[in-house]
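# A look at the structure
Now for the letters of each chain:
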Amino acid sequence: MTTTIDQAARAKDDADPRSRYWSLLFRYMRLERPRLAILGVLLLAATALQVLTPQLVRHYVDRAVSGSAVHTLMWVAGAYLLVALMLQVVRLASAYVGESAAWSMTNAMRVDLTSHCMGLDIRFHREHTAGELVERVDGDVTALAKFLSSAFLLILGNLLLIVGIFVSLFLTDARIGAVLLLYALCALAALLAIRSIATGPWTMAREVSGKLLGFVSERVAGIEDIRGNRAEGHVLRQLDELNGDLTRWQRTARVRTSLIFIVMHGTYLLGYGGALVVGGYLYREGLASIGTVYMIIAYTSYIYTPLNELRSQIQELQRANAGVRRVNELFAARPSITDGPGLAMSTEAPSVAFDSVSFRYADHLPMSLQDVSFSLGSGQVLGIMGRTGSGKTTVARLVTRIYDPVSGAVRIDGQDLRQARADDLRGRIGMVTQDVQLFHGTLRDNLTLFDPEVVDERIIAAIEQLGLREWYARLPDGLDTVLASGSDDLSAGEAQLLGVCRVLLREPALVILDEASSRLDHVTEQFLNRALRALAVGRTTIVIAHRPTTVSLVDQVLVLEDGRVVEHGPRESLLADPDSHLSRLMLQVSQEDFA
Amino acid sequence: MSFPQFLWRLIRHRPWLYAAFVTLLTVFLVGRLVPGLMERAFFNALTEPVGSGLNPWAIVAVMVSLELARLTASLGSDVAEVVFRFSVMGRLRRGLLHRLLSRPRVTAQNSSLSGTHSRFRDDVEDVGTFTTAPVTLFGTFLFSVIAVILMLRINALLTSIVVLPLMLVVTVATLANARVGRYRAESREATAQVAEFLGETFRSAQSIKLMGAERHVLRRFRTMNDQRRRASVRDAFFTQGLDSLFYNSVDVAVGLVLLLAAGPMTRGEFTVGDLALFDYYLYFVSRLPMSIGSTQVKYRQAKVSAERLAAVDEADLAWLATEPQQRVPSDRASMHAGRAGGSLEALKVSGLSYRHPSSARGAAGVDLYIQRGEFVVVTGPVGSGKTTVLRALVGLLPRDGGTIRWNGQLVDDPASFLVPPRVAYVPQVPNLVSDTLRENILMGVDADDAELAEAIRVAALDRDVAGLPSGTDTLVGPLGAKLSGGQAQRVAMARALVRRPDLLVVDDFASALDGETEQALLTRLAVGEAPTVLATSHRPATLAAADRVVVMADGVVVAQGPLAKLLSESEEMKGLWYQFAAEDEGEGPGNDKSVQSAPAT
């Protein structure tokens, strides 16, 4: 389902915004056809009951004035009460069904959006904070949920009610029906004309609100930095500015919305005044009974109430409008990495080769890698070394196809990586990043990344393989131990161990380890070395080495400088050559040793 | 401070705006009495013989004009409401951030990022909404009282019989609301969980993609969504169910009027005009229980939210209301105040102790002495308490014991005293923000381009800046993601330097830098008007550059003195030196998470 919706969105990309807007809604409404059908029936019932009540009052008034027996009046009043109670039941039922349908639809949308965002490349994720994406996937969609669950129903129900009222009016008296129809058309025209005057400011208000929350999240994460630099005042003043912006946009949006209300209510007043005058005239001329006049006035406010509700729901609609627009924008974001025809991936550890690879992050930037060539045999361990900014991590990003090279080719088992489909690489290439992000959840979920097919025995085996048996034994609830995200409990090294464990469970044939650059304590260091050894068995491995002891674990060393290969070869032969970069590094250290 | 007192404090922030809002909204709500009376007069005039009563057409004209005036009041009250509410919400956010900024440890322990999100968004909104919600209740109440009096004067018996069931609804609503509050809490909890999970997912997007775990993550997301749907549907069903109960009570009330008026109407004691007035007023009078009910619900939500906001510091509500009033001094003013106590001649730390509650590790009885112009490096194995000493010194950890003297003057609260321009602290892993590099360095300091360039040069960041597409105006991405760890560390260094501190406190000096950059940094720091530096480090080059080295082990100082002396006398230092040198051999790399050529935005 996910992919179909995604493809549909893609196909609609060139369509005009309005049709994209509705197609988004209809796509998700189709998923809830049964509930929506029930809802339709309930709405029709509610409409019929509501249209009936002024007719009952008309009978009542006319009979009261003409001096009918008291018990006849009592029967009419009883019928009125019964209708009121039935309406109550119908409304409750539609509230329940409506909410359920709205949440099911928007949940589907949340899942699709999340899936879509996960399909976008890292470029996208670097441009958008997690907080911002949460605001879009959850904040905007929740606005839509509110709209679908209440506003949408009310709008539909109210339109039905208006139709019902006119049917009833024309059956009673065509002249009065005509007058009120004129009023309703004017009101509707006014409503449509000014409907969208508040959309722009609402969009801005939401955007500023998202910006403000992103600002706050980042500042809260950096509290110590702010305090340490005595920037509290500065940060609070920036917050004041954002708060001011938000208030201004909210005010503009509210004024526009109020204007809509004023226009709507003003139109109603004219219609109401007109109804009183026409009704009064017809009564005076003997063309209508007093009960009919009473009914006209009741219907006028009955038309007004739905129109007024339409007005008040416009606010939700406008919020939803803004939400839909932003959801569509998000759906329209395209990954820059596209699938090729596919790679033949064996289960064996693959060979990796860089064939004159050059790469830059954007057109106007200098090359981050220039004419980099090297090859790594099946099952070998490569250590990449180099200064900050020399291009080490860029190599890792090209091997994992987070980016494609500008020229040259990255080859896995001799095949150009551009030929790959995303699925080919999935689970075949494992990567342990420098900072391993944990989920607030159990150790099991953090290691399997929610894959239920990984049995506990395998997880425990992996933990033991990494030499973490004792650590595991100390956990209070074993695999069910809850880890907090961003917690202080785990050091960067320990988090990396969990990252290695994650990768180990996926059993990839090619592994990239970007070592944590922060300092590790001795014990963790030993664990990581052991983990790296365990990981490298039967796999092709690339280590971006930050730790000196790692050097002893690799077969080959690649030294980068300013995006160029300055040295590449087997570790032993490089160490044997006194003029090699690697040897000079060693020499430098031993000199310092006796300084 | 009780919750109502708290609300009152919030309202008093902008009394005139609030008064305007209350007046205009009351005029709008109570003004609803007019059309009812006019409708009654119209029907009465119509049914009486022509010429004997008021002119019905004149009545219509007056009514329409008065209603147009009332509409104008509604525009005014809307604007006043939104401005007031958002200024209250702004104050709450500001107060909350202010509080978090003054209590760093509490934050790190108690709030995850997404928790912050829902506090700053939902909880603040709940409280803000409630500051204006009671006015609607007040206006509706005033209208209802007058309307009921008018109805009583028309037909006392009928009015009392009809109004009673409405009061019954109030009771039912009050009882049912407790339940709604619980459902609301459940739905909020489910929502917070979904938001947290989403945040974590997007933060680890790269790992999830590489692991091919999207499917599993999405499945978990669906499960959480389902839980939230159930909670939210239940919440909404009961809330809307109550609303609809209130709403429909008017139809029932009108039905009762029809039933009871049957006799009086046939006898001519109750006119069609009276019926019109009852019909009109009962609709709005029935809003009263609805208004009471929803105000109650909002009250509960706001109270829960306010308590959650206050719980950030386990404090009561008083600070939430008062904190926003405290003005933070301007940076310039605080810089001047910062000079009190004189520029650094000597900093003396005696018996400094801090024990981490969770691990029982820390530092005990640490003595340190730094003179103006010195470069002192604290070293030791991981877990020896180096970082703890630095953090306790600058007040990021509450010390358990010990004294700190600045030029001999006792420092009570290092968190407010040992800050720029006296002391600047450079953390091991700085937190950058998604703004320009310039903003990340300056953070409000009023420095010109030359001063900025100088700080960048001394921090050995000049080459990196030259490689950036827009120089110091380059956006560094969310949490500084476009910079490498080493670059981020030097940004933090430049940030500290641009504040021209007397004392620079650096945690894990040059840990993410390669040897060459480390050397450049050491050289540039040492020339000219060099600041006094207290750093922790495990890097041989940094230790070699130090005037004095302090060696720590298991939370206590085991040796200190010039490096050469320690290398010959201290076994601990010898062991460490050997280990550090071995570690350094594989170096060269720092971490080049992203490179100077980060994509531009």
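Structure: see above.
These remarks concern the structure in this document. Note that this is a predicted model, so its numbers are computed, not measured.

Definitions and cut-offs
Residues numbered from 1 in each chain as written. Chains lettered and ligands numbered in written order. Predicted model: local features only at pLDDT ≥ 70, side-chain atom pairs only at ≥ 80, totals over all residues. Heavy atoms only, no water. Phe/Tyr/Trp six-rings, centres within 6.5 Å; stacked < 30°, edge-to-face > 60°. Helix = DSSP H or I, 4+ residues; strand = E, 2+ residues; numbered from the N terminus. Buried < 20%, exposed > 50% of the residue type's maximum accessible area, 1.4 Å probe, protein only. Lys NZ or Arg CZ within 6 Å of the ring centre and 35° of its normal. Contact = heavy atoms within 4.5 Å. Buried area = accessible area lost by both parts, 1.4 Å probe. Salt bridge = Lys/Arg side-chain N within 4 Å of Asp/Glu carboxyl O. Polar contact = N/O pair within 3.5 Å; in protein donor to acceptor, adjacent residues only side chain to side chain. Nonpolar A, V, L, I, M, F, W, Y, C, P; charged D, E, K, R; others polar. Expected span 1.5 Å × (residues − 1). Arc of directions from axis to C-beta. Pairing = 2+ DSSP bridges. Axes fitted to C-alpha atoms, helices over the stretch in contact; angles between N-to-C directions.

This part covers the packing of aromatic side chains. Within the structure shown, the criterion is met by 29 aromatic pairs over all chains. Judged by centre distance (5.6 Å) and plane angle (40°), the rings of Y294(A) and F43(B) are tilted. With Y294(A) in helix α11 (residues 290–332) and F43(B) in helix α3 (residues 33–47), the pair connects residues from two separate chains. You can call Y294(A) buried: its relative accessible area is 5%. Site record: aromatic cluster; members linked through ring pairs are F143(B), Y280(B), Y281(B), Y283(B) and F284(B). The ring of F28(B) has R70(B) sitting right over it, with the charged end atom 4.8 Å from the ring centre. Cation over ring: R422(B) sits above F417(B), and NZ or CZ is 3.6 Å from the ring centre.

Right, let's get into the interface of chain A and chain B. Counting residues at the interface gives 161 residues for chain A, matched by 176 residues for chain B. Across the interface of chain A and chain B, roughly 15400 Å² is buried in total on both sides, 62% from carbon and sulfur atoms. In this structure, the connection of chain A to chain B is made through eight salt bridges. Note that R121(B) and E135(A) form a salt bridge whose closest N and O atoms lie 3.0 Å from each other. At the boundary of chain A with chain B, the tally comes to 29 residue pairs in polar contact (both at pLDDT 80 or more). For the side of chain A that touches chain B, the leading source of residues is helix α10 (residues 232–284) of chain A, giving 30 residues. Of the residues contributing to the side of chain A that touches chain B, the split by class is 73 nonpolar, 51 polar and 37 charged.

Residues and elements named next belong to chain A. Across its 21 residues, helix α7 (residues 174–194) extends 30 Å between first and last C-alpha, which sits within 8% of the 30 Å expected from 1.5 Å per residue. Among all positions in α7, only I176, G177, L180, Y183, A184, A187, A190, L191 and I194 are buried. Seen along its axis, α7 keeps its buried residues to an arc of 155°; they face one direction. Along α7, exposed side chains directed more than 90 degrees from the buried face belong to L182, L192 and A193. For α7, the N-terminal capping position is held by D173, with its side-chain oxygen 2.9 Å away from the main-chain nitrogen of R175.

All names here are of chain A. Pairing in this open sheet of six strands is mixed, and the strands run β6-β9-β10-β3-β11-β12 from one edge to the other. Because the sheet does not close on itself, it has two edges, and the strands there are β6 (429–432) and β12 (564–570). Between one strand axis and the next, the sheet turns through 15° on average, direction left out of account. With four bridges joining them, strand β3 (residues 381–386) and strand β10 (residues 540–544) adopt parallel strand pairing. What sits directly across from L382, in β10, is I542.

Here we come to the environment of L317(B). Residue and element names in this part refer to chain B. Note that L317 resides in the loop between α11 (287–310) and α12 (318–322). Overall, the relative accessible area of 7% leaves L317 in the buried class. With 312 residues separating them along the chain, L317 and Q5 place their C-alpha atoms 9.1 Å apart. Look past the residues within four positions of L317 in its chain and what remains in contact with it is M1, S2, F3, F6, A306, E307 and A310.

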